[in-house]
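Letter by letter, the chains look like this.
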Amino acid sequence: DVRDLLRTRLSLTDAGLDRVKRRGSLGARATVEPKLTWLQTRLDLDAAQLGKVVVRFPALLTKRVESMESTYDWLQTRLDL
């Protein structure tokens, strides 16, 4: 279950989980877990930081990694990071 994944991996509270769920479908665990791994690795976040990102922007869990990758690369180039 995705809620269990978010609760254990990101230490989200019930309030945080409800906030994520209210903003849209969470999808399947098999699709969410790789996205969490990619976000955490690519953005160099610890679990608490990733939890804040997911609660603030739950729509990231519905994006394809390929789409996020191209956007991230574009932003890095555009912002000269």
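Residues numbered from 1 in each chain as written. Predicted model: local features only at pLDDT ≥ 70, side-chain atom pairs only at ≥ 80, totals over all residues. Heavy atoms only, no water.

Peer 1: When you look at the overall build of the protein chain in this model, what are you seeing that I'm missing?
Peer 2: In terms of regular secondary structure, the protein chain is built from five helices and zero strands. Ordered by position in the sequence, the α and β elements of the protein chain form the string α-α-α-α-α. The C-alpha radius of gyration of the protein chain comes to 13 Å, within 12% of the 12 Å expected for a compact globule of 81 residues. Based on the C-alpha atoms only, the size of the protein chain along its principal axes is roughly 40 × 20 × 20 Å. Looking at the protein chain as a whole, 27% of its 81 residues are labelled buried. Summed over its atoms, the accessible surface of the protein chain is roughly 5,300 Å², and 54% of this surface lies on carbon and sulfur atoms. Each charge class in the protein chain was averaged separately, 15 positive and 11 negative side chains, and the resulting centres sit 7 Å apart. (Helix = DSSP H or I, 4+ residues; strand = E, 2+ residues; numbered from the N terminus. Rg over C-alpha atoms; globule rule 2.2 N^0.38 Å. Buried < 20%, exposed > 50% of the residue type's maximum accessible area, 1.4 Å probe, protein only. Areas by Shrake-Rupley, 256 points an atom, 1.4 Å probe, with all protein chains shown as cover. Lys, Arg positive; Asp, Glu negative; His and termini not counted. Charge placed at Lys NZ, Arg CZ, Asp CG, Glu CD.)

Peer 1: Mind showing me how you'd approach a nonpolar patch on the surface here?
Peer 2: On the surface, a cluster of nonpolar side chains totalling about 330 Å² of accessible area is made up of Trp74, Leu75 and Leu79. Summarising the element assignment, Leu75 is placed in helix 5 (residues 65–78). (Patch = residues over 30% accessible without salt bridge, like charges linked within 9 Å, V, L, I, M, F, W, Y side chains within 5 Å. Salt bridge = Lys/Arg side-chain N within 4 Å of Asp/Glu carboxyl O.)

Peer 1: Explain the packing of helix 1 (residues 2–10) against helix 2 (residues 14–22) to me, please; I cannot follow it from the model alone.
Peer 2: Where helix 1 contacts helix 2, the two axes come as close as 10 Å, and the packing angle between them is 135°. Between helix 1 and helix 2, the interaxial angle falls into the category oblique. Of the two elements, helix 1 crosses helix 2, and the hand of that crossing is right-handed. Contacts between helix 1 and helix 2 involve Arg3, Leu6 and Arg7 from the first element and Asp14, Leu17, Asp18, Val20 and Lys21 from the second. In the contact of helix 1 with helix 2, the residues fall into three nonpolar, no polar and five charged. (Axes fitted to C-alpha atoms, helices over the stretch in contact; angles between N-to-C directions. Parallel < 35°, antiparallel > 145°, perpendicular 65-115°, else oblique. Left-handed = near helix turned anticlockwise from the far one by under 90°. Contact = heavy atoms within 4.5 Å. Nonpolar A, V, L, I, M, F, W, Y, C, P; charged D, E, K, R; others polar.)

Peer 1: Help me understand the side chain of Lys35, please; the structure alone is not making it clear to me.
Peer 2: Counting through the fold element by element, Lys35 comes out in helix 3 (residues 29–42). The charged side chain of Lys35 is buried without a salt bridge, its nearest counter-charge being Glu66 at 8.4 Å. In this structure, Lys35 is in contact with Leu60, Leu61, Thr62, Lys63, Val65 and Met68, ignoring residues within four places of it in sequence.

Peer 1: How should the environment of Leu61 be read in this particular structure?
Peer 2: Its location among the elements puts Leu61 in the loop between helix 4 (47–56) and helix 5. Distance in space between the C-alpha atoms of Leu61 and Leu45 is 16 Å, their sequence separation being 16 residues. Not counting chain neighbours up to four residues away, the residues in contact with Leu61 comprise Leu6, Val20, Leu26, Val32, Lys35, Leu36 and Val54.

Peer 1: It is not clear to me how the pattern of salt bridges should be interpreted in this structure. Could you clarify?
Peer 2: Should their charged atoms come close, side chains of opposite charge can pair. One pass over the full model with this rule turns up seven salt bridges. Of the charged contacts, one joins Arg7 and Asp4 as a salt bridge, the two residues approaching to 3.2 Å between their closest N and O atoms. Taken together, the positions of Arg7 and Asp4, both in helix 1 and three residues apart, correspond to about one turn of that helix. Assessed through its relative accessible area of 32%, Arg7 is described here as partly exposed. Across the pair Arg42 and Asp73 runs a salt bridge whose closest N-O atoms are separated by 2.7 Å. You can see Arg42 sitting in helix 3 and its partner Asp73 sitting in helix 5, a full 31 residues away along the chain. With relative accessibility at 27%, the residue Arg42 sits in the partly exposed group.

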